[in-house]
Amino acid sequence: MSRILVLVRHGQSEWNLKNLFTGWKDPGLTEKGVEEAKSAGRKLKEEGFVFDTAFTSELSRAQRTLDLMLEELGQTGLAITRDVALNERDYGDLSGLNKDDARKKWGEEQVHVWRRSYDTPPPGGESLKDTGARVWPYFIHDILPKVMAGGTVVVAAHGNSLRALVMALDGMTPDQIVAEEIATGVPILYRLNADTTVAEKRVLKD
Ligand SMILES: O=C(O)[C@H](O)COP(=O)(O)O
C-alpha cells in the first residue's frame with residue numbers, strides 16, 4: 001500500500017519571468033522552466049517513483065511540466081487526466097498586469113492581501129477560498145480515491161491551486177496559509193495513512 005501523492009508546481013513560465021499576474025492566461029514555459037521540469041522528473045526517478053496515474057490542469061505550462069517529468073521518468077504512456085478544477089487561481093482584472101506596477105498603483109499591502117490571503121479575492125478574480133472550493137471537491141472525488149487505492153499519483157498544477165491542496169492536507173488555518181509559498185518545479189511528496197491523514201511529507205529541494 002503506497003498511498004503516495006506528489007504535487008509539482010509547473011516550471012517557470014514566460015509570464016513568471018516577466019513578473020506578470022497570470023491566472024488563467026496560458027503562457028508557455030521558459031528555458032529555465034523546461035529545465036526545472038526535467039530536474040523534477042530526474043529527482044523523482046532517483047527516488048524510484050513509478051506513477052500509476054497523473055493529473056494536471058487545462059493550462060499548458062502545467063501540462064508541459066508533467067510531460068517533461070514523465071519523459072525523464074520513462075513513463076510517457078501514463079494515463080493523464082486534465083481538469084479545469086486544477087487551474088491556477090483566476091486573477092481576474094489583475095491578469096496580464098505587472099506585479100510591481102500593481103504594487104505602485106494599489107500599495108504593497110493590498111497586493112500582498114490579494115496574492116496570499118485566504119478570503120480576499122483580487123478584483124474580478126478568485127480568492128484562495130474560491131480556488132479551494134473547486135480544487136478540494138475535485139481532489140476528494142477524483143484524485144484521493146486513486147491514492148487511497150494504494151496508488152502513486154502525481155499532480156502537476158499551479159502555485160495557488162496547490163496552496164489550496166497543501167492547506168487542506170497540512171491542516172493549515174487561514175492565517176498559516178498566508179506564509180505558504182510553492183516553488184516552481186520542486187516536488188512535494190505526501191504519504192497518506194489509511195485514514196487519509198498525512199504519514200509523511202517531504203519537499204524534494206536541490
Ligand atoms: O498566476 C500567477 O501570476 C502565478 O502563477 C502565481 O502568482 P502568485 O505568486 O501571485 O500567487
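Residues numbered from 1 in each chain as written. Predicted model: local features only at pLDDT ≥ 70, side-chain atom pairs only at ≥ 80, totals over all residues.

Points about the packing of helix α6 (residues 128–148) against helix α7 (residues 159–170)
To characterise two packed helices, one gives the angle between the axes of the helices and the distance between these axes. This is how the line gets drawn: The axes are straight lines fitted to the C-alpha atoms, using for helices just the contacting stretch, and the angles between their N-to-C directions are given from 0 to 180°. Each helix is a run of DSSP H or I of at least 4 residues and each strand a run of E of at least 2, with the numbering of both proceeding from the N terminus. The cut-offs work like this: below 35 degrees is roughly parallel, past 145 is roughly antiparallel, 65 to 115 is roughly perpendicular, and the gaps in between are oblique. Each crossing is labelled by how the near helix is turned from the far one, with a counterclockwise turn of less than a right angle marking it left-handed and a clockwise turn marking it right-handed. Contact between residues is assigned whenever the C-beta positions, reconstructed from backbone atoms, fall within 7 Å. Only Asp, Glu, Lys and Arg are considered charged in this grouping, and only Ala, Val, Leu, Ile, Met, Phe, Trp, Tyr, Cys and Pro are considered nonpolar; every other residue, Gly among them, is considered polar.
Two numbers describe how α6 lies on α7: the axes approach to 9 Å, and their chain directions differ by 70°. As far as their axial angle goes, α7 and α6 are roughly perpendicular. In this structure, α6 crosses over α7, and the sense of that crossing is right-handed. Within the contact between the two elements, α6 uses Leu128, Thr131, Gly132, Val135, Trp136 and Phe139 and α7 uses Asn160, Ser161, Arg163, Ala164, Leu165, Met167 and Ala168. Among the residues forming the contact of α6 with α7, the class breakdown is eight nonpolar, four polar and one charged.

Structural notes on the pairing of strand β1 (residues 4–9)
This is how the line gets drawn: Here the C-beta atoms are placed from the backbone, and a residue counts as buried if at least 20 other C-beta atoms lie within 10 Å of its own, exposed if 12 or fewer do, and partly exposed otherwise. Following DSSP output, two strands are said to pair if at least two bridges run between them.
Where burial is concerned, most of β1 is hidden: six out of the six residues are buried. Neither face of β1 is exposed, since Ile4, Val6 and Val8 on one face and Leu5, Leu7 and Arg9 on the opposite face are all buried. Strand direction decides the pairing type here: β1 and strand β4 (residues 152–157), joined by six bridges, are parallel. Note on β4: the bridge partner recorded for Val8 is Ala156.

Here's the deal with the sheet that holds strand β3 (residues 80–82)
Within the open sheet, the six strands sit side by side as β3-β2-β4-β1-β5-β6. Their pairing is mixed. Edge strands, defined here as strands with exactly one partner in the open sheet, are β3 and β6 (198–203). Direction aside, the axes of adjacent strands within the sheet are offset by 20° on average. Two elements, β1 and strand β5 (residues 188–192), share four bridges in a ladder whose sense is antiparallel. By the bridge assignment, Ile4 is partnered in β5 with Arg191. Of the strands in this sheet, β1, β2 (53–56), β4 and β5 touch α6, which is tilted by about 150° from β4.

Comments concerning the site of the ligand
Let me state the cut-off plainly: Here, nearness means that the C-beta atom of a residue, built from backbone geometry, sits within 6 Å of the molecule or strand in question.
With respect to spatial proximity, the complete set of residues near the ligand consists of Phe21, Thr22, Gly23, Glu88, Tyr91, Arg115, His158, Gly159 and Asn160. Considering only residue class, the shell around the ligand consists of two nonpolar, five polar and two charged.

Concerning unusual backbone geometry
Residue Arg3 is not a glycine yet carries a positive backbone phi of 45°. Within the secondary structure, Arg3 sits in the segment before β1. Of the residues examined, Arg3 has 20 C-beta atoms within 10 Å and is grouped as buried. Despite not being glycine, Asn19 shows a phi value in the positive range, around 65°. If you trace the backbone, Asn19 turns up in the loop between α1 (14–17) and α2 (31–46).

As for the confidence of the model for the protein
Parts of the model with low pLDDT should not have their predicted coordinates read in detail. Applied cut-off: Note: pLDDT gives the predictor's confidence per residue, expressed from 0 to 100.
Looking at the protein, pLDDT values average 98 and 100% of them are 70 or higher. This prediction of the complex comes with two scores: 0.98 for pTM and 0.97 for ipTM.

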